[in-house]
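Remarks on the overall topology
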Amino acid sequence: MVLPPRDSDPPARRSRVDGRRTLACLAATATLTATLGMAACADDDPAPQRITSPVRTNFPAAMAGGACVYFDYAAIEKAIGVRFGISAASKSGDTTTCVVQPQDGGDLPDLALTISKTTADAEIFKSDVVPDKGATAVKGLGLAAYQSPIAATDKTGPGLEVCWLTKDKRLMSLRFTSIADSPAPPKTLGPQLVTLAKQVESTKPPKP
């Protein structure tokens, strides 16, 4: 349930949760769909259905539903040092996504969590999901994991993604995107995202 905005609340901004914001980790699984039945967000997929409107900072991130039930603003801030205040969720097939953004200002920086069911094992993950260039293996996270830098675009700054295969066969990804014209993320961001990834994976979502 999303509570109605109060008169004092700032106007809601348009969320960047849409069908074209594909995470590299899940895009790489598109070629496996036919043989493994894995869910992935490809550019020609229909836009996912938004679960809720963006939820303001005076409500927990989890109130947006979907993958946002795994997010907690305080835990994110403690892990990576960035405070967010708006959350929005979307769903397409077996893939759910949550994006959190600052309460004030523009859309960036943001942090996206995407979760998709899969039948892949660690070997398939390493051979078909891990990018050919730029990826670094991450130990101690799920059955297999990697981190990879995200190049800047005309509208966004550089970022970093951590993608991993969980023991219960979920493909999960955390992706941090900085504001335009920002320098490359500090090297400390990788370990910080991994720490947050472990917390996310261990979170038990509320029962419906």
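Everything in this summary refers to the structure shown in the same document. Just so it is clear, the structure is predicted and the values come from calculations on it, not from any experiment.

Here the structure, examined in full by the defined rule, presents 1 aromatic pair. Ring geometry for Phe-125 versus Tyr-146: centroids 5.9 Å apart, planes at 40°, classification tilted. In this pair, Phe-125 sits in helix α4 (residues 122–129) while Tyr-146 sits in strand β6 (residues 144–150), placing the two residues 21 residues apart along the sequence. Residue Phe-125 shares its accessibility class with Tyr-146, and that shared class is buried.

Moving on to the nonpolar core. In this structure, Phe-71, Ile-80, Phe-84, Leu-111 and Leu-113 are the most contacted members of the largest nonpolar core, which totals 33 residues. Here the element with the most residues in this core is helix α5 (residues 189–202); it accounts for 6 residues. Apart from the residues lying within four places of it in its own chain, the contact partners of Phe-71 are Ala-61, Ala-62, Ile-76, Cys-98, Val-100, Leu-111, Leu-113, Leu-174 and Val-200. In this structure, Ala-122, Ala-144, Cys-163 and Leu-165 belong to the second largest nonpolar core, which totals 9 residues.

A word on α4. Within α4, burial applies to Ala-122, Phe-125 and Val-129. Projected down its long axis, α4 shows its buried positions confined to an angular sector of 80°, all on one face. Of the residues flanking the start of α4, the one acting as N-cap is Asp-121, its side-chain oxygen 3.2 Å from the backbone nitrogen of Glu-123.

With that settled, the discussion passes to the state of the cysteines. All chains considered together, the criterion is met by 1 disulfide. Here Cys-68 connects covalently by a disulfide to Cys-98, the sulfurs 2.0 Å from one another. Torsion about the S-S bond of the Cys-68 and Cys-98 cystine: about 95°, corresponding to right-handed handedness. With Cys-68 in the loop between β1 (49–50) and α3 (73–80) and Cys-98 in strand β3 (residues 95–101), the pair connects residues that are 30 residues apart, well separated along the chain. Each member of the pair, Cys-68 together with Cys-98, is buried.

What the rule picks out here adds up to 2 salt bridges. Glu-77 is the partner of Arg-83 in a salt bridge, and the nearest nitrogen-oxygen pair spans 3.4 Å. Judged by relative accessible area, which is 35%, Glu-77 ranks as partly exposed. Asp-168 serves as the salt-bridge partner of Arg-170, at 3.2 Å between the closest nitrogen and oxygen.

Procedures and definitions
- By convention here, each chain's residues receive numbers from 1 onward along its written sequence.
- Totals for whole chains, interfaces and linings use every residue, but because this is a predicted model, local features are given only for residues with pLDDT of at least 70 and side-chain atom pairs only at 80 or more, for both listing and counting.
- Only hydrogens and water are set aside; all other atoms, that is, all heavy atoms of the structure, feed into the side-chain values.
- For Phe, Tyr and Trp, rings pair up if their centres lie within 6.5 Å, where Trp contributes its six-membered ring, and each pair is then called stacked (planes under 30 degrees apart), edge-to-face (over 60) or tilted (otherwise).
- To qualify as a helix, a DSSP run of H or I must reach at least 4 residues; to qualify as a strand, a run of E must reach at least 2; elements of each kind are numbered from the N terminus.
- Each residue's exposure class comes from its accessible area (1.4 Å probe, protein chains only) as a fraction of the maximum for that residue type: buried when under 20%, exposed when over 50%, partly exposed otherwise.
- As used in this record, nonpolar core signifies buried Ala, Val, Leu, Ile, Met, Phe, Trp, Tyr and Cys residues forming a set joined through side-chain atoms within 4.5 Å.
- Should any heavy atoms of two residues lie within 4.5 Å, those residues are counted as being in contact.
- Arc, as used here, means the arc of the directions from the helix axis to the C-beta atoms.
- For the purposes of these results, a polar contact is taken to be a pair of N or O atoms within 3.5 Å, where, inside protein, one atom must be able to donate a hydrogen and its partner to accept one; residues adjacent in sequence count only when each atom of the pair is a side-chain atom.
- Defined by distance alone, a disulfide is two cysteine sulfur atoms within 2.5 Å.
- By salt bridge we mean one thing: a side-chain nitrogen of Lys or Arg within 4 Å of a carboxyl oxygen of Asp or Glu.

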